[in-house]
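Examination of the molecular architecture
Here is how the chains run, residue by residue.
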Amino acid sequence: MNQDAPDSLIPYDEIVQEALRAVVGRVLGTIVSGGSTLPGAHHFYITFKTGAPGVSIPPHLRERFPDEMTIVLQNKFWDLEVLPHSFTVSLTFNQVPAKLVIPFAAITAFVDPAVDFGLQFQAAVDELAPEMHDDAENDGPDGDGDGDGSNVVSVDFGRKK
């Protein structure tokens with residue numbers, strides 16, 4: 001491809017990512033329609049962003065995995081359901097059952113090591129919820145600004161001649 005090629009007005013990257021995530025949905029749907037039993041030695045590692053919109057996991061798991069989590073669908077999972085934009089599954093964590101809701105947009109990796117198959121996804125910025133943060137010290141009305149409400153700092157990088 002030419003380095004001078006113009007930026008595309010068609011979001012090819014997004015379209016490809018969406019299509020690849022649909023592969024995950026189709027594979028999981030095949031498992032559901034087959035009685036929720038994995039055929040042969042197939043098993044899946046699914047990595048997802050725990051803070052992405054629509055992700056529902058128990059609070060103790062969110063505390064333990066504040067950014068990203070990998071689940072394994074192999075022997076002990078149940079209630080697998082595939083929806084148009086997400087899937088739900090129940091798993092146990094330290095013998096404690098938990099139901100997870102995972103939107104396909106939150107998935108960052110899908111691997112089936114039994115057949116050496118894997119997909120890697122890019123997490124788009126707009127797919128992730130903004131992180132909670134403490135208010136900055138200068139955010140309040142008592143900030144150390146110049147009184148006009150502005151937080152703009154002017155810097156003059158004078159040139160030497």
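Quick note: structure is the one above.
Notes on the structure follow. (Residues numbered from 1 in each chain as written. Predicted model: local features only at pLDDT ≥ 70, side-chain atom pairs only at ≥ 80, totals over all residues. Heavy atoms only, no water.)

Bringing the nonpolar core into the picture now. Ranked by size, the top nonpolar core spans 29 residues in total, and within it Ile46, Phe48, Ile71, Leu73, Phe87, Val89 and Leu100 carry the most contacts. When residues of this core are traced back to their parent elements, those giving at least two are α1 (12-33), β1 (44-49), β2 (68-73), β4 (86-93), β5 (96-103) and β6 (107-112). Ranked by the residues each element gives to this core, the list is headed by β4, at four residues. The contact partners of Leu73, leaving out residues within four places of it in the chain, are Leu28, Leu38, His43, Phe44, Ile46, Val89 and Leu91. (Core = buried A, V, L, I, M, F, W, Y, C linked by side-chain atoms within 4.5 Å. Buried < 20%, exposed > 50% of the residue type's maximum accessible area, 1.4 Å probe, protein only. Helix = DSSP H or I, 4+ residues; strand = E, 2+ residues; numbered from the N terminus. Contact = heavy atoms within 4.5 Å.)

Moving on: the sheet that holds strand β3 (residues 78-82). On the basis of which strands lie adjacent, the open sheet formed by three strands has the order β3-β4-β5 and antiparallel pairing. Where the open sheet ends on each side, the last strands, each with one partner, are β3 and β5. Neighbour-to-neighbour, the strand axes of the sheet open up by a mean angle of 20°, direction not taken into account. Direction of pairing for β3 relative to β4: antiparallel, over a ladder of three bridges. Following the sheet pairing, Trp78 is matched in β4 by Ser90. Across the sheet, α1 touches β3 and β4, and the angle it forms with β3 is around 130°. (Pairing = 2+ DSSP bridges. Axes fitted to C-alpha atoms, helices over the stretch in contact; angles between N-to-C directions.)

For the rest of this paragraph, the subject is α1. For α1, built from 22 residues, the straight-helix expectation of 32 Å at 1.5 Å per residue is met to within 8% by its first-to-last C-alpha distance of 31 Å. Listing the buried residues of α1 in full gives Gln17, Arg21, Val24, Gly25, Leu28 and Ile31. Projected down its long axis, α1 shows its buried positions confined to an angular sector of 110°, all on one face. Away from its buried face by more than 90 degrees, α1 exposes Arg26 and Ser33. Along its buried surface, α1 packs onto β1, β2, β3, β4, β6 and β7 (117-120). With its phi angle positive at about 90°, Gly35 sits one or two positions after the end of α1. (Expected span 1.5 Å × (residues − 1). Arc of directions from axis to C-beta.)

So, about the sheet that holds β2. Spatially, the four strands line up as an open sheet ordered β2-β1-β6-β7, and their pairing is antiparallel. What marks the edges here is a single partner per strand, and that holds for β2 and β7. For this sheet the average axis-to-axis angle between neighbouring strands, irrespective of direction, equals 10°. Where β1 and β2 come together, six bridges link them in antiparallel fashion. When the sheet's bridge partners are listed, Phe44 is paired in β2 with Leu73.

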